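Each chain, written out:
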Amino acid sequence: LIHYKVQEWEGRAYYYAKENLRQVGFPVDDLEFDPSLVCRGLIIDKDLGNMIKVDRFGKVRRAMHGTRRMPFYEMNEVYSGEHVDLREGKRFMFLNTLFSVSEGCLYQ
């Protein structure tokens, strides 16, 4: 078995992904890898660019846009009455492994 060092492995994956985005013209120069902003169990809303945390019933309980935590009233405007079902469509991406940390950081 090997020890999985998130900072080193995911930092390298983040660097390569960032370089690929730069080559196709995305403005990524100011982005920094910060694994403390992402953990397993979060969901990326690819349509709105938000990182969300849902309860076991699919109701959104917390949301962030970039590094800014969305206040309750704003989160409620966006996700009120919405049920997040990961089996439906391609809108949501589940960060379910440590290998997802670098992907999640790119949305920050």
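Residues numbered from 1 in each chain as written. Predicted model: local features only at pLDDT ≥ 70, side-chain atom pairs only at ≥ 80, totals over all residues. Heavy atoms only, no water.

**Quick notes on the state of the cysteines**
Per the counting criterion, the structure on display carries 0 disulfides. Cys39 takes part in no disulfide bond, and the closest cysteine sulfur, belonging to Cys105, lies 11 Å away. (Disulfide = S-S within 2.5 Å.)

**Examining the sheet that holds strand S3 (residues 60-65)**
Taking strand neighbours across the sheet as the criterion, the 5 strands line up as S4-S3-S2-S1-S5 in an open arrangement whose pairing is antiparallel. Looking at which strands have only one partner, the edges of the open sheet turn out to be strand S4 (68-69) and strand S5 (92-95). In this structure, strand S1 (residues 42-45) lies alongside strand S2 (residues 50-54), joined through 3 bridges in antiparallel fashion. Residue pairing in the sheet places Asp45 in a bridge with Asn50 of S2. (Pairing = 2+ DSSP bridges. Helix = DSSP H or I, 4+ residues; strand = E, 2+ residues; numbered from the N terminus.)

**Quick notes on the pattern of salt bridges**
Pairs can form between side chains of opposite charge whenever their charged atoms are close. In this structure the tally under the stated criterion is 8 salt bridges. The partner of Arg91 in a salt bridge is Asp45, and the shortest N-O contact between them spans 2.7 Å. Highlighted residues: Arg91 in the loop between helix H2 (72-79) and S5 and Asp45 in strand S1, separated in sequence by 46 residues. Here Arg91 falls in the partly exposed class, since its relative accessible area comes to 21%. Across the pair Asp55 and Arg61 runs a salt bridge, and its minimum N-O distance is 3.0 Å. (Salt bridge = Lys/Arg side-chain N within 4 Å of Asp/Glu carboxyl O. Buried < 20%, exposed > 50% of the residue type's maximum accessible area, 1.4 Å probe, protein only.)

**Quick word on the pairing of S3**
Of the strand pairs in this sheet, S2 and S3 are connected by 5 bridges, and their pairing is antiparallel. If you follow Asn50 over to S3, its bridge partner there is His65. Counting the residues that bridge the hairpin from S2 to S3 gives 5 residues, and of these Gly58 lies at a positive phi of roughly 90°. Inspection of the sheet shows S3 paired to S4 by 2 bridges, in the antiparallel sense. Paired with His65 across the strands is Arg68, a residue of S4. A loop of 2 residues connects S3 with S4, the two strands running antiparallel in sequence, and Gly66 in this loop sits at a positive phi of about 70°.

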